[in-house]
Amino acid sequence: MDTQEEHLIQALHSESQFEQAFSQLVHLYKKRLYWHIRNMVKNHDDTDDILQNVFIKVYKNVKKFKGDSKLYSWLYRIATNEAITFLNQKAKKYQISNEELQQHLVESLKADVYYQGDEIQLKLQQAIATLPQKQQQVFNMKYFQDLKYKEIANILETSEGALKASYHIASKKIEAFIKAL
Amino acid sequence: MKKSKHNQEFNIPEGYFESFEIRLQQKIQQENTVLPNTQESGFTIPEDYFDTFESQLNQKIQSQKHSSKVIDLFSVRRLIYISSIAAAITLLIVFLPTTSSETSYTTFDTSTIDIMDIENYINDGTLEVSDNDIAQLFDDIEFSIAEHSIEKLNDDTVIEYFSEEEIQLDYLDPENF
């Protein structure tokens, strides 16, 4: 654990410094967590709701965080779980499968004011939507967020080897999908 | 590189300039985590979204602080289980004299039953309490659960409840990591 993170966790455990430390934590991680969630749920408003919920849960639970794992991996894991829960709820609400929901989310991008992707970028989103959930997560974190395999391994609690294989398979599937269009 | 004649009195950490580029590159990479994403994915955000995010979050946290207290259903359920066991034991004691000797009635001491034994008994699934039994406990609550049986609640309603209320999920507990 680096010194900056150590100091931040210490401050988060202190009554007098908590509010200031929490603001610092939000400032440090809001953008990274936002894009992590946005890549999963696609829509800005949903991402905003989920991100706020993530930080509210962090606010309520961070005092219990003992530093056994990295702070960022704990935060990313909460964000991932919140986003997955949201997607599952949405699929249930519309009575469709998760795969169908992914297709629906990508289709909605065409009319989304906060999406300015070109044809290729939209095709890439369509291709990502065909992947299994775990491969989508790995691909998004590696390709769009440029996280290191070690960091992704900490977040998803898996081995770097498995991640590399997963990313390779995902890339091949996406390549094949785009070529077939 | 030699120090200029104007800053002879200032010192710098050892290796500062040698590692400067690496640290600068790391900082730029950290700052730019947002940029490659926007460029490559096509996703955009409302203007000033990140600048106003903290104040919006703060408002939401403050409003949640003043929200009503939540009934912990799990504790209530456990309480009902234990109460049911206690009631069953009481009934057993009451009716025992009619089927067995008087001696057994007088020698039966409920205080010797360990609460953990009762919990284990529940956890083993030996005793089942229906949702209606739970609902009867809440007959003084504004929304009558008795009238709208818990069995009729669909998954969405339950999920919504868990989302809105402060039920803590296991994954939030850092000790689970």
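So, how was this worked out
- Residues numbered from 1 in each chain as written.
- Chains lettered and ligands numbered in written order.
- Predicted model: local features only at pLDDT ≥ 70, side-chain atom pairs only at ≥ 80, totals over all residues.
- Heavy atoms only, no water.
- Phe/Tyr/Trp six-rings, centres within 6.5 Å; stacked < 30°, edge-to-face > 60°.
- Helix = DSSP H or I, 4+ residues; strand = E, 2+ residues; numbered from the N terminus.
- Buried < 20%, exposed > 50% of the residue type's maximum accessible area, 1.4 Å probe, protein only.
- Lys NZ or Arg CZ within 6 Å of the ring centre and 35° of its normal.
- Axes fitted to C-alpha atoms, helices over the stretch in contact; angles between N-to-C directions.
- Left-handed = near helix turned anticlockwise from the far one by under 90°.
- Contact = heavy atoms within 4.5 Å.
- Nonpolar A, V, L, I, M, F, W, Y, C, P; charged D, E, K, R; others polar.
- Salt bridge = Lys/Arg side-chain N within 4 Å of Asp/Glu carboxyl O.
- 1 Å grid on protein atoms, 1.4 Å probe; cavity = no way out; pocket = protein on both sides within 12 Å on 5 of 7 lines; lining within 4 Å.
- Points joined across faces, edges and corners; volume = space filled by probe spheres on them.
- pLDDT = per-residue confidence, 0-100.
- Core = buried A, V, L, I, M, F, W, Y, C linked by side-chain atoms within 4.5 Å.
- Domains from an automatic or database assignment.

1. Quick notes on the packing of aromatic side chains
Move 1: Per the counting criterion, the structure on display carries 18 aromatic pairs over all chains.
Move 2: Ring centres 5.2 Å apart and planes at 65° place the aromatic pair Phe 18 of chain A and Tyr 59 of chain A in the edge-to-face group. On the criterion of sequence distance, the pair formed by Phe 18 of chain A in helix 2 (residues 18–41) and Tyr 59 of chain A in helix 3 (residues 44–61) is long-range, its members being 41 residues apart. Grouping residues by exposure puts Phe 18 of chain A and Tyr 59 of chain A together as buried.
Move 3: Here the aromatic residues Phe 18, Phe 22, Tyr 34, Trp 35, Phe 55 and Tyr 59 of chain A together with Tyr 49, Phe 50 and Phe 53 of chain B are joined through ring pairs into a cluster of three or more.
Move 4: It is Lys 63 of chain A that lies over the ring of Phe 18 of chain A; its NZ or CZ is 4.5 Å from the centre.
Move 5: Between Lys 142 of chain A and the ring centre of Tyr 149 of chain A, over which it is positioned, the NZ or CZ distance is 4.4 Å.

2. Remarks on the packing of helix 7 (residues 133–144) of chain A against helix 8 (residues 149–156) of chain A
Residue and element names in this part refer to chain A.
Move 1: Packing of helix 7 against helix 8 leaves a shortest axis separation of 10 Å and a crossing angle of 140°. The crossing of helix 7 and helix 8 is right-handed. Across the interface between the two elements, Lys 134, Gln 137, Val 138, Met 141 and Lys 142 from helix 7 touch Tyr 149, Ile 152, Ile 155 and Leu 156 from helix 8.
Move 2: Classifying every residue of the contact of helix 7 with helix 8 gives six nonpolar, one polar and two charged.

3. As for the pattern of salt bridges
Residue and element names in this part refer to chain A.
Move 1: Per the stated rule, a full pass over the model turns up nine salt bridges over all chains.
Move 2: Of the charged contacts in the structure, one is a salt bridge between Glu 175 and Lys 179, with a shortest N-O distance of 3.2 Å. Placement of both Glu 175 and Lys 179 in helix 9 (residues 160–180) is noted, with a separation of four residues, approximately one turn of the helix.
Move 3: Under the relative-accessibility criterion, Lys 179 is labelled exposed at 64%.

4. So, empty space enclosed by the protein
Residue and element names in this part refer to chain A.
Move 1: This model, assessed by the stated rule, comprises two cavities of 30 Å³ or more.
Move 2: Estimates place the volume of the largest cavity at around 40 Å³.
Move 3: Lining the largest cavity are Met 40, Leu 87, Gln 102, Gln 133, Gln 136, Gln 137 and Asn 140.
Move 4: Per-element tally for the lining of the largest cavity: the top contributor is helix 7, with four residues.

5. Observations concerning the packing of helix 2 of chain A against helix 4 (residues 71–93) of chain A
Residues and elements named next belong to chain A.
Move 1: Helix 4 packs onto helix 2 with a crossing angle of 35° between their chain directions and a minimal axis gap of 10 Å. Seen from above, helix 2 lies across helix 4 with right-handed handedness. On helix 4, the residues touching Leu 25, Tyr 29, Arg 32, Leu 33, His 36, Ile 37, Met 40 and Val 41 of helix 2 are Leu 71, Tyr 72, Leu 75, Tyr 76, Ala 79, Thr 80, Ala 83, Ile 84, Phe 86 and Leu 87.
Move 2: Taken together, the residues of the contact of helix 2 with helix 4 sort by class into 15 nonpolar, two polar and one charged.

6. Quick look at the confidence of the model for chain B
All names here are of chain B.
Move 1: Taken as a whole, chain B shows an average pLDDT of 66; of its residues, 33% reach a score of 70 or greater.
Move 2: Taken as a whole, residues 100–106 scores under 50 in pLDDT and shows three contacts with residues more than four places along the chain or in a different chain.
Move 3: This model gives residues 143–148 a pLDDT under 50, and the stretch forms five contacts once residues within four places in sequence are excluded.

7. Digging into the nonpolar core
Residue and element names in this part refer to chain A.
Move 1: Membership of the largest hydrophobic core comes to 68 residues, with the highest contact counts inside it found for Phe 22, Leu 25, Leu 33, Phe 55, Val 58 and Leu 71.
Move 2: Shared between two domains, this core holds at least three residues of each, these being domain 1 (1–114) and domain 2 (117–181).
Move 3: If sequence neighbours within four positions are ignored, Leu 33 has contacts with Leu 51, Val 54, Phe 55, Leu 75, Tyr 76 and Ala 79.

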